[in-house]
Amino acid sequence: MPLPNAEAKRAVSRARQSHETQEIHEKKATHEAYEAQGEMASPSRRNWLKGMAIATGSLVIPLSASWLTSPQARAASEGATGHLIEINDWIRIDADGTTVLGLSQCEVGQGVYTGLPQVLADELDADWRRVRVEFVTARDAYRTAAANEALQQFVGASMSVTLFYERLRVAGAQAREALVSVAAQRLGVRTTNCITRDGRVIHPQSGRSLGYGELAADAAKVPLNPHPHLKNEAAHALIGKPMPRLDTPSKVDGSAVFGIDVNVPGMLIGAVRMAPTTGGAPVAVKNRDDIKARKGVHDVVIAKDAVIVVADDYWRAKKACDALDVEWKAGAAADSAAILAERRAALINGKPGIATDIGDAPAMIAAGGKVVTGEYHTPYIVHATMEPVNATVHVRKNRGEIEVWGPIQGQDKVRWALGGIFKLPPEKVTVHTTFLGGSFGRKYVPDFVIHAAVASAAVGRPVKVIRSREGDMQHGFYRPCASGRFQAVLGSDGLPRAMHLRVAGQSLYNVIKKENYEKAGYDETMLDGLYDLAYAVPNLRVEGVDVPQPNIPVSFMRSVGSTSSVFFLESFIDEMAEAAGSDPIAYRKRLLRHDALASAVIDTTVKAAGWQANAKPGVYRGFGYCTYTGRGAAFSTYVAVAVEMRVVGDRFKIERVVCGVDCGRAINPNLIRANIEGGIGFALTNTFKSQITFANGGVEQSNFGDYPLLYLVEMPKIETVIVPSDRPPQGCGEVSLPPMAPAVAQAIKRATGVRPRSMPLPQTVAEARALGSVAAGQGKGSV
């Protein structure tokens, strides 16, 4: 059965809220009525926006306009309507007991729409059956400081749960204490004689109770305790429980609103045309007047890096966009073969930044002995989100305000960008967050929002700009390619006495603070898992070499540099184990004997996989491990994967993956399993298929036909084993990606005798053997 289209989504919402929808339809009758609404005072406009959310199918995911305003305006509005009462930045309660919990972190599929409200509701003792979640923004309570970056509201680096766990527990406990205080006064009892459960304050001795809805108005006046009493673990009713996802019903019935579903009155649609080369820019549109004369076309807007056709609907805009005759200023001629040659040269002759220097590893390796050398490579890859980037923006020049709706991963990034372009303070940019149809880091960069803003400013109306999948693949922000040259000298026990690890690639300093990169002398993302090596090596040199590619835009992508660096590292661990004549799992355990948590995850994974016995005939095994450290050492998650592969015909087929993970206290085991499974599927796509190549200055791939994803029939059986932990919650959204490729590479080595050292890995025996012949001729990976 096909998924409901946008009209079906609106029908669902209309059926649920007929009388509100009728009111909105009346307000939408003419564009003039819309403009009048746009000039109304804040409280009235806020209520109108709530209505628009209902009319466009946003009932399940309100755009939370009331959380964006000043406390005075909010109180005036809510006092007039008799609805939600705000207790603190995160909690609002209706008189009927409905509890609205704020969610500052965008829902990209990782499950925070359920997991973070679980934490808040648990400490609040809310009735989970009467909880509603709303995206919230524009307050410091919703901001975090990423490593070496400014305080901001964003989602990334698997840090949502880690950074908000205690914050939300405190917020829930604050509200609970305020409600108990009011209830105790009304009942004439001591607060210590009251308990809370399912949205009620109960006095057990008398059997009397009061609902949170009855208490909210007075509780909102109680000063919040900055250090409330938090529950102990045994008292948790929701934290740690495998609760069903709150967003699943709306995504199944089609009522969930993604950025591409947004519809506001008077809205126009924009399509984007960009240069055939990366870094290109429009000089002139030769047939601009002809395109503007087309039926339904309102304008042809020339932006700094694109041409945007604004029309009544996407089809008209896209057809007109395709017909544009644009003179382009070409970017530099990027070429994949040349870029690889530059990286390989940098591995030998490049000027490195030294991240770690313990002992004198280069000298010990140069002195000779049993030296192991491996050279590894990964390509550029693109996010390839299922929902292409899009945004709806209304630039109101006469009011000095900008309003944004869309799948935004970095709300403050948008405020800063648009504020800078239009010379407005960031607080004059209001951002409404919808669901994100995939991001993996892509929708943190606000380039697509800027296009919508430029188009809106040109036509004086709200404009939704949708970039085609081809446009986004060929003008996205890519995970950098990388190359690694790893060397080690082994001692008499087979373990490395010294390791020299050098990685060369394009740095991410364009999206991190350049001064931090220059001060350190290297890009730490390029050396994830290396500069903070988990394995015990007495002499260690870790280096990074930046190989700039000025016209290739790069940015964060799921698991950032670890998908390259851990592939290099774990492949090299296997090569050292082979040179030492050791079992690769036993070899890792010897190198990790100082870390009990790492050893426990490895043992748990091996046992769950049933690897105490020999592999069945025709089954080839591979193993990978990673200590995943969050940015700025925000968290440490331990993860191991055991891979089982068969050769079907000539093709490699991953049949089973067992993943053991210690990610601290499990808030919701269902969400952890979903993240691990999704990460493994994502990793297998990267392992076997993903590669962006450049020729004649542009990207060669354009859509899923030449940038394929993992097919459903290729997805293996995945078993996730969550290791019990008393540590605080750690990150889990990205951690299963890094060890997958090296584990698969080890299985291929066992199946074919050939060790692949470049991603994407070969998909057939014939491809593997052909690569093996080339590598043997070049002497790569020799002992």
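Starting from 1, residues in each chain are numbered consecutively following that chain's sequence as written. In keeping with the model being predicted, local features are shown solely for residues with a pLDDT of at least 70 and side-chain atom pairs are shown and tallied solely at 80 or more, while totals for entire chains, interfaces and linings include all residues. To obtain the side-chain values, all non-hydrogen atoms of the structure were included, while hydrogens and water were left out.

- By the naming in an unreviewed UniProt entry, the chain is Acylaldehyde oxidase, taken from Pandoraea pneumonica.

1. Digging into unusual backbone geometry
Here comes step 1: Geometrically, the link from Met 759 to Pro 760 is a cis peptide bond, its omega value of 0° lying close to zero.
Here comes step 2: Along the chain, Pro 760 turns up in the loop between α22 (740-752) and α23 (765-778).
Here comes step 3: Even without being a glycine, Ala 157 presents a positive backbone phi close to 65°.
Here comes step 4: Only DSSP runs of H or I reaching four residues or more are called helices, and only runs of E reaching two or more are called strands; each is numbered from the N terminus. Take Ala 157: it is sitting in the loop between β6 (151-152) and α7 (160-187).
Here comes step 5: For Asn 696, which is not glycine, the phi torsion reads 55° and is therefore positive.
Here comes step 6: Along the chain, Asn 696 falls in the loop between β27 (694-695) and β28 (698-699).
Here comes step 7: Only protein chains enter the accessibility calculation, which uses a 1.4 Å probe; a residue is then buried when its area is under 20% of its type maximum, exposed when over 50%, and partly exposed in between. Accessibility expressed as a relative area gives 72% for Asn 696, which makes it exposed.

2. Observations concerning the confidence of the model for the chain
Here comes step 1: Looking at any residue, its pLDDT shows the predictor's confidence there, from 0 to 100. For the chain, per-residue confidence averages 89 on the pLDDT scale, and 87% of positions sit at 70 or higher.
Here comes step 2: Contacts are assigned to residue pairs that have any heavy atoms within 4.5 Å of one another. pLDDT under 50 marks residues 69-81. Its contacts with residues more than four places away, or in other chains, come to 18 contacts.

3. With respect to the packing of aromatic side chains
Here comes step 1: Centre distance within 6.5 Å is the pairing criterion for rings of Phe, Tyr and Trp, where only the six-membered ring of Trp is used; planes under 30 degrees apart are then read as stacked, over 60 as edge-to-face, and the remainder as tilted. The tally for this structure, following the rule as stated, stands at 21 aromatic pairs.
Here comes step 2: Both rings, one in Phe 567 and one in Phe 568, keep their centres 6.0 Å apart while their planes meet at 55°; by these two values the pair is tilted. For the pair shown, Phe 567 and Phe 568 are each scored as buried.
Here comes step 3: Taking 6.2 Å as the distance between ring centres and 5° as the angle between the ring planes, the aromatic pair formed by Tyr 628 and Phe 635 counts as stacked. Neither Tyr 628 nor Phe 635 differs from the other in exposure class; each is buried.
Here comes step 4: Aromatic rings pair up to connect Tyr 376, Phe 486, Phe 567, Phe 568 and Phe 572 into one cluster.
Here comes step 5: Charge-over-ring contacts are defined here by two conditions on Lys NZ or Arg CZ: a distance within 6 Å of the ring centre and an angle within 35 degrees of the ring normal. Over the face of the ring belonging to Phe 435 we find Lys 251, whose NZ or CZ atom lies 4.6 Å from the ring centre.
Here comes step 6: Here the guanidinium or amino end of Arg 558 rests over the ring plane of Phe 682, the centre of that ring lying 5.4 Å away.

4. Some points on the environment of Gly 353
Here comes step 1: Looking at where Gly 353 falls in the secondary structure, it is placed in strand β15 (residues 353-358).
Here comes step 2: Given the relative accessible area of 8%, Gly 353 is considered buried.
Here comes step 3: Spatially, the C-alpha atoms of Gly 353 and Gly 521 are 4.7 Å apart, while their sequence positions differ by 168 residues.
Here comes step 4: Contacts of Gly 353, omitting those with residues within four sequence positions, involve Gly 521, Tyr 522, Val 542, Glu 543 and Gly 544.

5. Describing the environment of Ala 683
Here comes step 1: As for its position among the elements, Ala 683 is in helix α21 (residues 669-688).
Here comes step 2: Sequence-wise, Ala 683 and Ala 741 are 58 residues apart; in three dimensions their C-alpha atoms are separated by 7.1 Å.
Here comes step 3: Apart from residues no more than four positions distant in its own chain, Ala 683 is found in contact with Leu 737 and Met 740.

6. With respect to the sheet that holds strand β3 (residues 99-103)
Here comes step 1: Pairing between two strands is assigned when DSSP locates at least 2 bridges connecting them. Reading across from one edge, β1-β2-β3-β4 is the order of the four strands in this open sheet, with mixed pairing throughout. A single partner strand is all that each edge strand has here, and the edge strands are β1 (85-86) and β4 (131-135).
Here comes step 2: As defined by bridge partners, strand β2 (residues 91-93) adjoins β3 across three bridges and the pair is classed as antiparallel. Across the sheet, the residue bridging to Arg 92 is Val 100, located in β3.

7. A few points about the pairing of strand β13 (residues 306-311)
On any regular strand, side chains alternate: one points to one face of the sheet, the next to the other face.
Here comes step 1: Within β13, six of the six residues are buried, which leaves the element mostly enclosed by the surrounding structure.
Here comes step 2: By the alternation rule, side chains of β13 split into Ala 306, Ile 308 and Val 310 and Val 307, Val 309 and Ala 311, which are all buried.
Here comes step 3: Pairing of strand β10 (residues 268-274) with β13, which is carried by six bridges, proceeds in the antiparallel orientation. Pairing of Val 272 across the sheet is with Ile 308, part of β13.
Here comes step 4: With five bridges joining them, strand β12 (residues 297-302) and β13 adopt antiparallel strand pairing. Within the sheet, the bridge partner assigned to Val 301 lies in β13 and is Ile 308.

8. Observations regarding the sheet that holds strand β21 (residues 482-490)
Here comes step 1: Read across the sheet, five strands follow the order β15-β23-β22-β21-β16 without closing on themselves; strand pairing throughout is mixed. In this open sheet, the two strands that pair with only one neighbour each are β15 and β16 (370-378). Across the sheet, the mean angle separating the axes of adjacent strands is 10° when strand polarity is ignored.
Here comes step 2: Comment: axis = line fitted to C-alpha atoms, over the contacting stretch for helices; angle = value between 0 and 180 degrees taken between N-to-C directions. Across the sheet, helix α12 (residues 336-349) lies against β16, β21, β22 (496-505) and β23 (539-546), angled at about 145° from β22, the strand it touches most.

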